Amino acid sequence: MIEVISDKVVTARKEYYCELCISKINKGQKYRTQFNKYFGDVGTFRAHTECCELAKIIVDADEDGIDEDNFKEAMTDYVRKYHYDEAIDKENFGGVESK
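Heads up: these notes are all about the structure in this document. Small disclaimer: the values here were computed from a predicted structure and weren't measured.

Next up on the list: the overall build of the chain. The number of helices and strands found in the chain is 3 helices and 5 strands. Of the regular secondary structure in the chain, the N- to C-terminal order runs β-β-β-β-β-α-α-α. The buried share of the chain, reckoned over its 99 residues, is 22%. Restricting the contact set of the chain to residue pairs at least 6 apart, pairs at least 24 apart contribute 42%. Of the roughly 7,700 Å² of accessible surface on the chain, a fraction of 49% belongs to carbon and sulfur atoms.

Ranked by internal contacts, the top residues of the largest apolar core, which has 14 residues, are Cys18, Leu20, Ile25, Ala47, Cys51 and Phe71. Elements represented by at least two residues in this core include exactly strand S5 (41–48) and helix H1 (49–58). With near-sequence residues (within four places) excluded, Leu20 lies in contact with Phe45, Ala47, Cys51, Cys52, Ala55, Ile66, Glu68 and Phe71.

Once that is clear, we can look at the side chain of Thr49. Position of Thr49 among the secondary structure elements: in helix H1. Once residues within four sequence positions are removed from consideration, Thr49 is found in contact with Val9, Lys30, Tyr31 and Arg32.

One non-glycine residue, Ile22, adopts positive backbone phi at about 65 degrees. Within the element layout of this structure, Ile22 appears in the loop between strand S2 (16–17) and strand S3 (24–25). On the basis of relative accessible area, Ile22 is assigned to the partly exposed category, the value being 39%. In this structure, Phe39 takes a positive phi of about 50 degrees despite not being glycine. Its place among the elements puts Phe39 in the loop between strand S4 (30–38) and S5.

Glancing now at a negative patch on the surface. Among the surface-exposed residues, Asp67, Asp69, Glu73 and Asp77 lie close enough to one another that they form a single negatively charged patch. By secondary structure assignment, the location of Asp69 is in helix H2 (residues 68–83). Under the relative-accessibility criterion, Asp69 is labelled exposed at 59%.

The next thing to look at is the sheet that holds S5. Reading across the sheet, the 3 strands line up as S1-S4-S5 and stay open at both edges, with antiparallel pairing between neighbours. Either end of the sheet is taken by a strand with one partner, and the two such strands are strand S1 (2–11) and S5. Shown here is a sheet whose adjacent strand axes are inclined to one another by a mean of 20 degrees, direction ignored. Sheet topology places S1 next to S4; 9 bridges connect them, and they run antiparallel.

What counts, and at which threshold
- Residues numbered from 1 in each chain as written.
- Predicted model: local features only at pLDDT ≥ 70, side-chain atom pairs only at ≥ 80, totals over all residues.
- Heavy atoms only, no water.
- Helix = DSSP H or I, 4+ residues; strand = E, 2+ residues; numbered from the N terminus.
- Buried < 20%, exposed > 50% of the residue type's maximum accessible area, 1.4 Å probe, protein only.
- Contact = heavy atoms within 4.5 Å.
- Areas by Shrake-Rupley, 256 points an atom, 1.4 Å probe, with all protein chains shown as cover.
- Core = buried A, V, L, I, M, F, W, Y, C linked by side-chain atoms within 4.5 Å.
- Patch = residues over 30% accessible without salt bridge, like charges linked within 9 Å, V, L, I, M, F, W, Y side chains within 5 Å.
- Salt bridge = Lys/Arg side-chain N within 4 Å of Asp/Glu carboxyl O.
- Lys, Arg positive; Asp, Glu negative; His and termini not counted.
- Charge placed at Lys NZ, Arg CZ, Asp CG, Glu CD.
- Pairing = 2+ DSSP bridges.
- Axes fitted to C-alpha atoms, helices over the stretch in contact; angles between N-to-C directions.

Limitation: the analysis is restricted to geometry and does not speak to function.
Structure, rendered in structure tokens:
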């Protein structure tokens, strides 16, 4: 289980990468940083504040949290469910096959 030692929102003084969406956290951008202990190992987790907010929505009561793969899948499902516009998709991209 993860023990959160420190959890705060800070402003990036240099470029990092979000550990949820794997996109850049730009210098000057707000992001969440955690210092965690996991089975005796310690490390820093960094992610966009927006990605953390989305992760809170999509993560159920699983104590293991969320990893990059299930975050991407859940993010795609969330966008498709709440923000997908088939007409715009067909007009701009020729549509996509439904799953």
